[in-house]
Amino acid sequence: RRGGGVVCYVKTTLCHNRKNIFQDDVENIIIDLLFPNTKPITVGIFYNPPNQRDFVESLSRDINSLDIESNEIYILGDFNINLLHNDKYFLKNISRLGEISSEIKKYIELCLLVGIEQIIRTPTRITCNSATLIDHILTNYADRISQSGIIDLGISDHQLIFCTRKI
């Protein structure tokens, strides 16, 4: 049995629709937030258990089922794909792709192909022996984010990730 999972709390006064994109191989919740006079904002929460095979392919299937061309998309969660190498963020220097695993390459290529950006840049899981960036927030509208980052809650080795959307 796997640990982990996803949960999404939505304020009762906020209009939303849950999308029915269910797969046995990926734990996720995807909702459309519905605001007056605007297109839906899609929020997806994903969990990729450690050593899960084919997560990037499943994530790609889910992303491709969304209307990424015309909707604002935010996909977040514990992806268990470390985007740090020697304390440097991978996506700052695409020429370093030769130094990373095929799963990370596929993930970065997926982001570039569909036009989504990973906006968290600092370690999100910190232990006595390591620091990794495995919790991500992906969006196709990074310019609409006023702030993003991590918050140390002190109750887990994972940091809380967040972003604030401009009004």
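The coordinates are above.
J.: Can you explain the pairing of strand S10 (residues 135–139)? Please cite residues and give values.
T.: Here is the key point about a regular strand: its side chains alternate between the two faces of the sheet. For S10, a buried count of 5 out of 5 residues is recorded, marking the element as mostly surrounded by other parts of the structure. Alternating positions in S10 separate into two faces, Asp135, Ile137 and Thr139 on one and His136 and Leu138 on the other, with burial throughout. As defined by bridge partners, strand S4 (residues 72–78) adjoins S10 across 5 bridges and the pair is classed as antiparallel. Its bridge partner lying in S10, Tyr74 is registered against Thr139. As defined by bridge partners, strand S7 (residues 117–118) adjoins S10 across 2 bridges and the pair is classed as antiparallel. Bridging across to S10, Glu117 finds its partner in Thr139.

J.: So, the pattern of salt bridges: which residues are in play, and what are the values?
T.: Applying the stated criterion across every chain, the model contains 7 salt bridges. A salt bridge links Glu57 to Lys106; the nearest nitrogen and oxygen atoms lie 2.9 Å apart. Separated by 49 residues along the polypeptide, Glu57 in helix H1 (residues 55–64) and Lys106 in helix H2 (residues 102–114) bring together distant segments of the chain. For Glu57, a relative accessible area of 32% gives the class partly exposed.

J.: Give a description of the nonpolar core that names residues and reports values.
T.: Core analysis: the largest hydrophobic core is formed by 22 residues, its most contacted members being Leu59, Ile63, Ile75, Phe79, Ile81 and Tyr107. For this core, the elements supplying multiple residues, two or more each, are H1, S4 and H2. When residues of this core are assigned to their parent elements, the largest contribution, 6 residues, is made by H2. Ignoring anything within four residues of it in the chain, the contact list for Ile63 reads Ile68, Ile75, Leu110, Val114 and Ile116. Membership of the second largest hydrophobic core comes to 13 residues, among which are Leu33, Leu84, Ile119 and Leu133.

J.: Now, about the packing of aromatic side chains: what can you tell me, with residues and values included?
T.: According to the stated counting rule, one finds 3 aromatic pairs in the structure shown. Between Phe46 and Phe79 the ring centres are 6.5 Å apart and the planes differ by 55°, which places this aromatic pair in the tilted class. Of this pair, Phe46 sits in strand S3 (residues 41–47) while Phe79 sits in the loop between S4 and strand S5 (84–85), and the two are 33 residues apart along the sequence. Among the residues examined, Phe46 registers a relative accessible area of 2% and is labelled buried. Its relative accessible area of 0% is what places Phe79 among the buried residues. Among the aromatic residues, ring-to-ring pairing joins Phe46, Phe55, Phe79 and Tyr107 into one connected group. A cation over a ring is seen here: Arg144 above Tyr141, with NZ or CZ 3.9 Å from the ring centre.

J.: So what's going on with the environment of Leu110? Residues and values would help.
T.: With respect to the helices and strands, Leu110 occurs in helix H2. According to the relative accessible area criterion, Leu110 is buried, its value standing at 7%. Sequence spacing of Leu110 and Ser60 is 50 residues, and the spatial spacing of their C-alpha atoms is 6.9 Å. Apart from residues no more than four positions distant in its own chain, Leu110 is found in contact with Val56, Leu59, Ser60 and Ile63.

About the thresholds
Numbering of residues starts from 1 in each chain and follows the order in which that chain's sequence is written. Only residues with pLDDT of at least 70 are given local features in this predicted model, and only at 80 or more are side-chain atom pairs given and counted; all residues enter the totals for whole chains, interfaces and linings. Water and hydrogen atoms were dropped before computing side-chain values, which therefore reflect all heavy atoms in the structure. Working definition: with a 1.4 Å probe on protein chains only, accessible area under 20% of the residue-type maximum means buried, over 50% means exposed, and in between means partly exposed. Labels follow the DSSP assignment, with helices taken as runs of H or I lasting at least four residues and strands as runs of E lasting at least two, numbered in each case from the N terminus. Any two strands with at least two DSSP bridges between them are considered paired. Salt bridges are identified by distance alone: a Lys or Arg side-chain nitrogen within 4 Å of an Asp or Glu carboxyl oxygen. As used here, the term nonpolar core means buried Ala, Val, Leu, Ile, Met, Phe, Trp, Tyr and Cys residues forming a set that is joined through side-chain atoms within 4.5 Å. Contact definition: two residues touch when any of their heavy atoms are within 4.5 Å. Any two rings among Phe, Tyr and Trp, with Trp reduced to its six-membered ring, count as a pair given centres within 6.5 Å; such a pair is stacked if its planes are under 30 degrees apart, edge-to-face if over 60, and tilted if neither. Geometrically, a lysine NZ or arginine CZ counts as sitting over a ring once it is within 6 Å of the ring centre and also within 35 degrees of the ring normal.

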